[in-house]
Amino acid sequence: MSGAEVSWGGQWEHPACGASGEAQWEDEDTVSSGHDCGREGAVVWSAEWNCHGCGDEGDGLFEDDSPAYSDHECDDEEVAA
């Protein structure tokens, strides 16, 4: 596992009621909107990640209360000169 930091940022939406918001978190964290309106349907996230070691980036779609994994293996030892 590398020492490079991967950060996420994204937006969530609950289509059943129209509520939305955004947040930032670290790789492998479980992301939660904290939204509970009582209506059915999943809160969905659209998010992007960025590696501060090498600059690589990507994105993901997932449901609320899911862990967010970039699956990024950074070779930041070559970058850190």
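K.L.:
Residue-level account of the nonpolar core, with values.
P.N.:
Core analysis: the largest hydrophobic core is formed by 13 residues, its most contacted members being Trp8, Trp25, Trp45 and Phe62. Of all the secondary structure elements, the ones that give two or more residues to this core are strand S1 (6-14) and strand S4 (44-51). Take this core: its biggest share by element is four residues, from S4.

K.L.:
Describe in detail the packing of aromatic side chains, supporting the description with residues and values.
P.N.:
Remark: the centre distance and the inter-plane angle together describe each pair of aromatic rings, the angle taken between the planes. If you walk through the whole model with that rule in mind, you get four aromatic pairs. Look at Trp8 and Trp25: their rings are 6.0 Å apart centre to centre, the planes differ by 5°, and that puts the pair in the stacked class. You can see Trp8 sitting in strand S1 and its partner Trp25 sitting in strand S2 (residues 19-26), a full 17 residues away along the chain. According to the relative accessible area criterion, Trp25 is buried, its value standing at 8%. Residues Trp8 and Phe62 carry aromatic rings whose centres are separated by 5.8 Å and whose planes lie at 85° to one another, so their mutual orientation is edge-to-face. Pair noted here: Trp8 is in strand S1 and Phe62 is in strand S5 (residues 57-63), with a separation of 54 residues, a long-range link.

K.L.:
With reference to specific residues and values, describe the sheet that holds S4.
P.N.:
Overall, antiparallel pairing links the four strands, which are arranged S2-S1-S4-S5 in an open sheet. Pairing within the sheet leaves two strands with one partner each, and these edge strands are S2 and S5. Within this sheet the neighbouring strands show an average axis-to-axis angle of 20°, counted without direction. For S1 and S2, the ladder comprises eight bridges, and the chain directions are antiparallel. Counted as the bridge partner of Trp12 is Gly21 from S2.

K.L.:
How would you sum up the pairing of S1? Please name residues and give values.
P.N.:
Taken together, the eight bridges between S1 and S4 define a ladder with antiparallel strand orientation. Considered in S4, the bridge of Gln11 is made with Ser46.

K.L.:
Residues and numbers for the environment of Ser7, please.
P.N.:
Within the secondary structure layout, Ser7 lies in strand S1. Separated by 43 residues in sequence, Ser7 and Asn50 have C-alpha atoms that sit 5.5 Å apart. Apart from the residues lying within four places of it in its own chain, the contact partners of Ser7 are Trp25, Glu26, Glu48, Trp49, Asn50 and His52. Reaching out from Ser7, the side chain makes a polar contact with the side chain of Glu5 at a distance of 3.5 Å.

Cut-offs applied
- Residues numbered from 1 in each chain as written.
- Predicted model: local features only at pLDDT ≥ 70, side-chain atom pairs only at ≥ 80, totals over all residues.
- Heavy atoms only, no water.
- Core = buried A, V, L, I, M, F, W, Y, C linked by side-chain atoms within 4.5 Å.
- Buried < 20%, exposed > 50% of the residue type's maximum accessible area, 1.4 Å probe, protein only.
- Helix = DSSP H or I, 4+ residues; strand = E, 2+ residues; numbered from the N terminus.
- Phe/Tyr/Trp six-rings, centres within 6.5 Å; stacked < 30°, edge-to-face > 60°.
- Pairing = 2+ DSSP bridges.
- Axes fitted to C-alpha atoms, helices over the stretch in contact; angles between N-to-C directions.
- Contact = heavy atoms within 4.5 Å.
- Polar contact = N/O pair within 3.5 Å; in protein donor to acceptor, adjacent residues only side chain to side chain.

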